[in-house]
Amino acid sequence: MLSGLDGAGVRRFACGVRSRGFLLCALEGCDRLFLMRPPAIVDVEKFLFSVIDAARRRGIRQIVFLSLQGVQHNRSTPHYAVERYLKSSGAPYTSLRPNFFIQNLSTTHAAEIRDDDEAFVPAGRSFTAFIDARDIGPVAAAVFTEPGHIGRSHTLCGEQTLTYRHVAAILSDVLGRSIHYRRTSEREYLTRLRTQGKPADYIAVQKMIYRIVRFNISAFPNRAVRRLTGEPATTFGEFATRAQVAWQLRE
C-alpha cells in the first residue's frame with residue numbers, strides 16, 4: 001500500500017522505483033496490491049507505471065487503485081493517466097473513485113472552523129455527497145475478496161448530499177457553538193492561500209477541486225458503500241461526532 005509517505009519517504013520511494021529489483025523484492029509474496037498515489041508524486045508515468053509493470057511481472061492477481069470521482073472526464077489529473085495505463089497494460093485492476101472526502105473539513109479547513117467559527121470555502125450554493133475516508137478500507141477489502149470486480153470502477157459517495165450551510169448547522173449542533181458558512185469567492189479563497197504561503201501546485205489543486213464542487217459534479221449521493229460492504233456510508237453527523245476534537249477550541 002503506497003500511502004502516508006512524508007517528504008523523505010517519497011524521496012526514498014522515488015529512488016526505489018527506478019530499480020526493477022527493488023520493486024520485485026518489495027512485491028515478493030504479494031498477490032494483490034492497493035495502489036495510492038502519494039500527493040507529492042506528480043510524474044506518475046515515471047514512478048507509478050513502474051510499480052504497475054512490476055506487479056504484472058510478479059503475477060499479482062489484482063491491483064486496486066485509489067482514483068477520484070469523475071476522473072474519466074478530467075484528463076489533466078495524474079489519476080486519469082494511471083487509470084488509462086492500468087487498462088492499456090492489461091493489468092487486472094479495479095478503480096475506486098471516491099467523492100470529496102469529509103476529512104478535508106477536519107484537516108485542510110480545521111483551523112478556520114476551530115479558531116474563527118466559520119467554514120471558508122468557495123463552494124457557492126452547491127451540494128456535496130461527502131465520503132468518509134474510513135469507508136474506503138472496507139470497500140477495498142470487499143473488492144479484493146469477492147469476485148466480479150476486475151476491470152470495473154466504483155464511484156464512492158455518501159448517501160446524503162449537503163450544502164455547506166447544512167455542514168455548518170451540523171457542526172454547530174455537535175460542537176455546541178455557532179459555526180457559519182462563509183461563502184467566499186474563488187479569488188478571495190486563492191488569495192488567502194497565497195498569503196498563507198501555500199505552493200502554486202497546491203493552490204492549483206484547490207482551485208480545481210472547488211470548481212468541480214460549484215459545478216455540482218460532487219453533489220450526487222449513491223449507495224455504493226452499502227452495496228459493496230453491506231453497511232451504509234458514514235453520515236456527516238456521525239463523522240463530526242467522531243472527529244469533533246479537530247474543531248474544539250484550545251485552552
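Being a predicted model, the structure only gives us computed values, none of them experimental.

Definitions and cut-offs
Residues numbered from 1 in each chain as written. Predicted model: local features only at pLDDT ≥ 70, side-chain atom pairs only at ≥ 80, totals over all residues. Heavy atoms only, no water. Helix = DSSP H or I, 4+ residues; strand = E, 2+ residues; numbered from the N terminus. Rg over C-alpha atoms; globule rule 2.2 N^0.38 Å. Contact = heavy atoms within 4.5 Å. Areas by Shrake-Rupley, 256 points an atom, 1.4 Å probe, with all protein chains shown as cover. Lys, Arg positive; Asp, Glu negative; His and termini not counted. Charge placed at Lys NZ, Arg CZ, Asp CG, Glu CD. Salt bridge = Lys/Arg side-chain N within 4 Å of Asp/Glu carboxyl O. Buried < 20%, exposed > 50% of the residue type's maximum accessible area, 1.4 Å probe, protein only. 1 Å grid on protein atoms, 1.4 Å probe; cavity = no way out; pocket = protein on both sides within 12 Å on 5 of 7 lines; lining within 4 Å. Points joined across faces, edges and corners; volume = space filled by probe spheres on them. Nonpolar A, V, L, I, M, F, W, Y, C, P; charged D, E, K, R; others polar. Polar contact = N/O pair within 3.5 Å; in protein donor to acceptor, adjacent residues only side chain to side chain. Core = buried A, V, L, I, M, F, W, Y, C linked by side-chain atoms within 4.5 Å. Axes fitted to C-alpha atoms, helices over the stretch in contact; angles between N-to-C directions. Parallel < 35°, antiparallel > 145°, perpendicular 65-115°, else oblique. Left-handed = near helix turned anticlockwise from the far one by under 90°.

*Asks:* How would you summarise the overall build of the chain if you had to cite specific residues and measurements?
*Replies:* Along its length, the chain carries 11 helices and six strands. Taking 251 residues into account, the globule formula puts the C-alpha radius of gyration at 18 Å, and the chain, at 19 Å, falls close to it. By its C-alpha atoms, the chain is 55 × 40 × 35 Å across when sized along the principal axes. Long-range pairs, those at least 24 residues apart, make up 82% of the contacts in the chain between residues at least 6 apart in sequence. Element-wise, carbon and sulfur atoms account for 52% of the exposed surface of the chain, whose accessible area totals about 12,900 Å². For the chain, the centre of its 35 positive side-chain charges and the centre of its 23 negative side-chain charges are spaced 7 Å apart.

*Asks:* Explain the pattern of salt bridges to me, and be specific about the residues and the numbers.
*Replies:* This model, assessed by the stated rule, comprises 12 salt bridges. With a closest N to O distance of 2.7 Å, Asp117 and Arg177 form a salt bridge. Residue Asp117 is located in the loop between helix 5 (110-116) and strand 4 (118-121), and its partner Arg177 is located in the loop between helix 7 (164-175) and strand 6 (180-183); the two are separated by 60 residues in the primary sequence. Between Arg242 and Asp132 there is a salt bridge, and its shortest N-O distance comes to 2.9 Å. Here Arg242, found in helix 11 (residues 236-243), pairs with Asp132, found in the loop between strand 4 and helix 6 (136-145); they are 110 residues apart in sequence, far enough to count as distant. For Arg242, a relative accessible area of 35% puts it in the partly exposed group. Beyond isolated ion pairs, a larger network of salt bridges with shared partners links Glu118, Arg182, Glu188 and Arg192.

*Asks:* Can you break down the layout of surface pockets residue by residue, with the values?
*Replies:* What the largest pocket holds in volume is close to 1,400 Å³. Surrounding the largest pocket, 40 residues form its lining, Arg37, Leu68, His79, Val205 and Ile209 being those nearest its centre. Of all the secondary structure elements, the ones that give two or more residues to the lining of the largest pocket are helix 4 (78-89), helix 6 and helix 9 (200-214). Of the residues contributing to the lining of the largest pocket, the split by class is 23 nonpolar, 15 polar and two charged.

*Asks:* For the environment of Gln160, give the residues involved together with the corresponding values.
*Replies:* Here Gln160 lies in the loop between strand 5 (152-156) and helix 7. Between the alpha carbons of Gln160 and Phe34 there is a distance of 27 Å; along the sequence they are 126 residues apart. For Gln160, the contacting residues outside a window of four places in its chain are Thr128, Ala129, Phe130, Pro221, Thr235, Phe236 and Gly237. Within the local environment of Gln160, its side chain forms a polar contact with the backbone nitrogen of Phe236, the two atoms lying 2.8 Å apart.

*Asks:* Report on the nonpolar core, specifying residues and quantitative values.
*Replies:* In this structure, Leu105, Phe130, Tyr164, Leu171, Tyr210, Phe236 and Trp247 are the most contacted members of the largest nonpolar core, which totals 30 residues. Taken together, the elements giving at least two residues each to this core come down to helix 5, strand 4, helix 7, helix 8 (186-195), helix 9 and helix 11. Among the elements that take part in this core, helix 7 stands out by supplying five residues, more than any other.

*Asks:* Would you mind going over the packing of helix 3 (residues 44-57) against helix 4 in detail, with residue names and values included?
*Replies:* In contact at an axis separation of 10 Å, helix 3 and helix 4 are set at 30° when each is read in the N-to-C sense. In terms of axis orientation, helix 3 runs roughly parallel to helix 4. The two elements helix 3 and helix 4 cross, and the hand of that crossing is right-handed. On the side of helix 3, the interface is formed by Val44, Leu48, Phe49, Ile52, Asp53 and Arg56, while helix 4 contributes Pro78, Ala81, Val82, Tyr85, Leu86 and Ser89. When grouped by side-chain class, the residues that make up the contact of helix 3 with helix 4 number nine nonpolar, one polar and two charged.

*Asks:* Any details on unusual backbone geometry? Residues and values, ideally.
*Replies:* Of note, Asp117 is a non-glycine position whose phi angle comes to about 55°, a positive value. Using a relative accessible area of 24% as the deciding quantity, one classes Asp117 as partly exposed. The phi dihedral of Asn216 falls on the positive side, at around 65°, and the residue is not glycine. In this fold, Asn216 is placed in the loop between helix 9 and helix 10 (224-229). Given a relative accessible area of 28%, Asn216 falls into the partly exposed group.

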